[in-house]
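If you want the building blocks of each chain, they are given just below.
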Amino acid sequence: LRSVMYSTALSWAIKQPSSYDKSRTVLDEYLSHEMTKAFYSSGVTSAMHLADMCIASSFSFLSNESSDGMLLQLVSPSHEPRVALRLLAPLVEYPNFALLGNDQKRKEITAECLLSEAAVVAKQYDRDATTTSPKELWSLASIFLSDYISFESMGTTDFHEIFECLKGNRGPWWTFETEPHHEELLYQALTVILQIGDDDGVDSSTPETEEEIQRLCTMQTVKSLFLPLALCSEGISVDQSFIDGNAWRNIPRISMYNFVKTLMKVSNLIHRVGTMERYLKLGSREKSLPLCCAVVLEAVNDAITSITSTLPPGMYQDMPELSGLYSAAFKTSVGGRLWDEALEACISNSEEDDKNDNLKHLIVEMVRVGDIGKLVDMSLTVVDGSGDLFQFATKIVEAAALEQKDDVDSCLDYWGCLYTLHASRGNWRQAAEAMDLCGKVTVSNALSKPKPLTSGASKKIMDQASLSAHVCAHAVSLVEKTSRQYIGERRDIILTKEDIDRRAVRASALRALSMDECSPDSISSILKSPSLDTIDILARMGYYEYAIAVAAGTSSKRMSNPSGVDVFFDSLRHVLCTYLVPAAMACSATGDEDNQLESRSKIIQIRASSSICEQEIDCTSGPSTTSSFTSNSQSWASSDQSAHSLQATMAMNLLHQYTTAYSKRCGGLGLSVASAILDLSGNTVLPIWLKDLCMFGSPANESSLFAQRNCDSGVANPSGLVRLLMSHHKYGDACDVVTAILSSQASSSSPSSRLPEKGSIDYVPYDLIDSLWQIIEVITSNSASKSDETQKKIQKILQSRTCMERSLAKHFEGLKISEDGLRSARALSNNA
């Protein structure tokens, strides 16, 4: 039966017929078995005896008096949660049988037992172990606490006159200072006034008790109104001075009685609220908490309604108790997350200081629990006719964010809320300002820390800095007018959209760097590092795309002098030649101290960089330009399938992508990459794609022989390639370049059609070819004493020179044809 009682409501236990005796309820049956024969007479009577014993023991326990240990255990919910509820059941079902002795105190203790029981039921309710809602017990307790409060209507027509009489000529009447010994005098005075009802034969269904009068004496309003007159009569006769004093001469005696009884009713309602507040666990996460808070809020509203409906406006507007009730309503509503009720209580409070503090607390609490959507909806509410809640919310949230700057998680919640508020109104510049300030505060706070941060704290800071930078960039991009896409009006520094985009790129790069296991331990050193150092460390660790992106932002920021060094080209060349080329060649780029960093796998970084680069190329020039990357690189790479070889192959693919993509913007990039490859290993053969890029551009355009040609995807410089090969003693390869260039003219167009008037101007560096020829002559003249292997190399060089010689012969023949065609064209032009 205990298991059944545990999972059912009180109403079931007192109404469900017993399965053994239909004339009894389940509770009657249970109590009859629990009772000894000496106490047994009937189910109801047995329950009454046990309930009386339970309440008596609880009264003794609350009064710190000795009582039976067994009964104390019955009252304590921690011993047996449902025993107190079972014993109190008859008082709920049969209230008429409980009117014995001090009924008011009995009901208060009963209510407190129910509230204690509700706390146990709430835990079971949150675990879905019972369908009984604690709100039912709270409602029962609320009824018990209000049963002894008289709600009968009393004449209030003379209350204004009574109030003016008691107030006298005092300005702030509610601030009367009292001393401890004044309470006894006030008690006597109030007792005399309440005696008027007995003397005049007033029939009251709820006679006042000593405890009620003592509680009434603690009200500041009662002290401020009645003590001045009571002090005037001290030493004479309190009853006579109060009844027959000049101040009361024109006021009916019954009106004074009704006035005090009304204040007593208010005092009892406030006591009811205070009793229920003691059992609220506002800091808990129980799902039943809003239900319980709603019951308490009803009790608070009853007290507020009683004050505002019965007392004069000139009186209750200055009553400290009314402000306290609004504060209680606000606190209870916030604890139960009843946001609309909390805002109403906040606005209704006449105390400006309390109103502002409560408004700040409400907004901060809503942000803390993450109910941003509700805050956005409430931001349209008008506050005091001076504007909607939005204006207050934005200021309060920003101030709270600055106060919580040391707490990364809370700080981000506040900045995110401020962004959401501005975004809900379409104020994208203000939203961007909020996230910009969020990033600045986060970085400044991190740099000001005297001690190194933990890895977890460092990660949160870098995440927040990166997130705020990107959200700021996104918000600025949503501003409709491009001329308004900037921030910084609140400060002296103006940031344009380009500045914000560059900062977002740098923030992402620094975040990726900080997450790497080989990155510096201190995020301060990462955040403070200059741009060039950042580019270097990113490239060294394999984050090539981030390094190039930071370099592009740095170049744009500095606006390099056209006649000076191009910062982007210089940085790009550093990234490719110093770090990516060695990775593609499977060589170490730096000394022994960085061997661990250089030897680690960079496959993930290379794959990510390649994917990003390919997407950018697809967006600008279409997918066809990237189709040859893999095949060309694979033809150069080794067939070894080891991880080291795979990384080299992928690095060469990435080098191909970068060199082709940026060769037009950065003239001479292809030659720089070729030089870096040859510097690493003199025996290396340049990749086919790189030679084609340096000779013809990519894709190959109409030939101008050795003249530098600008094309859509690159800059060809065959003469520079020949000089580079010669400087690395690759004379055969240099001859092949000359042959390829001269042969391209013969296959591309007819010599007779290549006229200067049509822009066909060819350039051949004959002096460079002569130098190449002479160097080979010198080598072959001393070849007799060379080894067999050297002899083979010389023969190969001679074969390449022979091919070059044939190409030169065809070239000169083509020149003669072009000259004849030129003279014929001019002669025809003159004759015409």
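Worth saying up front: this structure is predicted, and the values here are computed from it rather than measured. (Residues numbered from 1 in each chain as written. Predicted model: local features only at pLDDT ≥ 70, side-chain atom pairs only at ≥ 80, totals over all residues. Heavy atoms only, no water.)

**A word on the overall build of the chain**
Helices and strands together make up the secondary structure of the chain, namely 39 helices and four strands. Taking the intrachain contacts of the chain between residues at least 6 apart in sequence as the baseline, contacts between residues at least 24 apart amount to 69%. (Helix = DSSP H or I, 4+ residues; strand = E, 2+ residues; numbered from the N terminus. Contact = heavy atoms within 4.5 Å.)

**Some details on the packing of aromatic side chains**
Counted under the stated rule, the structure contains seven aromatic pairs. Between the aromatic rings of F159 and F259, the centroid separation amounts to 5.2 Å while the plane-to-plane angle is 75°, which identifies the pairing as edge-to-face. Remark: F259 occurs in helix α14 (residues 253-277) and F159 occurs in helix α9 (residues 159-167); sequence separation between them is 100 residues. Comparing F159 with F259, the two get one shared label, buried. Geometrically, the ring pair formed by Y419 and W428 is tilted, given 6.5 Å between the ring centres and 55° between the ring planes. Residue Y419 is classed as buried on the basis of its relative accessible area of 16%. (Phe/Tyr/Trp six-rings, centres within 6.5 Å; stacked < 30°, edge-to-face > 60°. Buried < 20%, exposed > 50% of the residue type's maximum accessible area, 1.4 Å probe, protein only.)

**As for the nonpolar core**
Judged by nonpolar contacts, the single largest core of 108 residues is most densely connected at F226 and F259. Leave out the neighbours within four places in its chain, and F259 touches F159, I162, L166, L225, F226, L311 and M315. Counting 79 residues, the second largest nonpolar core, distinct from the first, contains L527, L580, L671 and V764. (Core = buried A, V, L, I, M, F, W, Y, C linked by side-chain atoms within 4.5 Å.)

**Considerations on the pattern of salt bridges**
Two side chains of opposite charge can pair, provided their charged atoms sit close to one another. Summed over the entire model, instances satisfying the criterion amount to 16 salt bridges. A salt bridge links K355 to E352; the shortest N-O distance between them is 3.7 Å. Taken as a pair, K355 and E352 lie in helix α19 (residues 352-369) at a separation of three residues, close to a single helical turn. It is possible to trace a salt-bridge network through shared partners that takes in D436, K440 and R503. (Salt bridge = Lys/Arg side-chain N within 4 Å of Asp/Glu carboxyl O.)

**Looking at a negative patch on the surface**
On the surface, D318, E351, D353 and D357 cluster together into a negatively charged patch. Note on D318: relative accessible area 31%, which makes it partly exposed. (Patch = residues over 30% accessible without salt bridge, like charges linked within 9 Å, V, L, I, M, F, W, Y side chains within 5 Å. Areas by Shrake-Rupley, 256 points an atom, 1.4 Å probe, with all protein chains shown as cover. Lys, Arg positive; Asp, Glu negative; His and termini not counted. Charge placed at Lys NZ, Arg CZ, Asp CG, Glu CD.)

**Some words on the packing of α14 against helix α15 (residues 289-310)**
In the contact formed by α14 and α15, the axes pass within 9 Å of each other and the chain directions differ by 165°. Of the possible angle classes, the one that applies to α14 and α15 is roughly antiparallel. Once α14 is placed against α15, the crossing between them reads as left-handed. For the pair α14 and α15, contact is made by T262, K265, V266, L269, R272, V273, M276 and E277 and by V295, V296, A299, V300, D302, A303, S306, I307 and T310, respectively. Looking at the contact of α14 with α15, its residues break down into ten nonpolar, three polar and four charged. (Axes fitted to C-alpha atoms, helices over the stretch in contact; angles between N-to-C directions. Parallel < 35°, antiparallel > 145°, perpendicular 65-115°, else oblique. Left-handed = near helix turned anticlockwise from the far one by under 90°. Nonpolar A, V, L, I, M, F, W, Y, C, P; charged D, E, K, R; others polar.)

**Some details on helix α12 (residues 220-232)**
Along its 13 residues, α12 runs 19 Å from first to last C-alpha, staying within 8% of the 18 Å computed at 1.5 Å per residue. The largest bend in α12 comes to about 40°, at F226, with the proline P228 one to four residues further on. All of the buried residues in α12 are T221, V222, K223, S224, L225, F226, L227, P228 and A230. (Expected span 1.5 Å × (residues − 1). Bend = angle between axes of the 7 residues up to and from the residue.)

**So, helix α21 (residues 389-403)**
Look at α21: 21 Å from first C-alpha to last across 15 residues, which is about the 21 Å you get at 1.5 Å a residue. Here α21 has its buried residues at L389, F390, A393, T394, I396, V397, E398, A400 and A401.

**Structural notes on the confidence of the model for the chain**
Averaged over the chain, the pLDDT score is 75; the fraction of residues at 70 or greater is 68%. Scored below 50 in pLDDT, residues 54-81 makes 37 contacts in the model with residues more than four places away or belonging to other chains. Here residues 93-101 is a poorly scored stretch, pLDDT under 50, and it has eleven contacts once near neighbours within four places are set aside; other chains count. (pLDDT = per-residue confidence, 0-100.)

**A short note on the packing of helix α8 (residues 134-147) against α14**
Running from N to C, α8 and α14 cross one another at 150°; their axes reach a closest spacing of 10 Å. Here α14 runs roughly antiparallel to α8, going by the angle between their axes. Between α8 and α14 lies a crossing whose hand is right-handed. For the pair formed by α8 and α14, the contact residues are W138, S142, L145 and S146 on the first element and R272, T275 and M276 on the second. Grouping the constituent residues of the contact of α8 with α14 by class yields three nonpolar, three polar and one charged.

**Overview of the environment of T110**
Here T110 lies in helix α7 (residues 103-126). Owing to a relative accessible area of 1%, T110 belongs among the buried residues under this scheme. Considering only alpha carbons, one finds T110 and A141, 31 residues apart in sequence, at a separation of 7.5 Å.

**Structural notes on unusual backbone geometry**
Even without being a glycine, R337 presents a positive backbone phi close to 60°. The residue R337 is located in the loop between α17 (320-335) and α18 (339-348) in this model. Look at H729: it is not a glycine, yet its phi comes out positive at around 60°. Along the polypeptide, H729 turns up in the loop between α36 (718-727) and α37 (731-748). Exposure remark for H729: the relative accessible area of 59% places this residue in the exposed category.

**Examining the side chain of R801**
Tracing the backbone shows R801 in helix α39 (residues 788-831). With a relative accessible area of 12%, R801 lands in the buried category. Filtering out sequence-adjacent residues up to four positions away, R801 remains in contact with C735, W773, I776 and E777.

**Some words on the environment of I461**
Checked against the element boundaries, I461 lands in helix α24 (residues 455-477). Spatially, the C-alpha atom of I461 lies 9.2 Å from that of R511, the residues being 50 residues apart in sequence.

**Some remarks on the environment of V441**
In this structure, V441 sits in helix α23 (residues 428-447). For V441, a relative accessible area of 12% corresponds to the buried category. Taking the C-alpha atoms as reference, V441 lies 9.1 Å from A465; in sequence the two are 24 residues apart.

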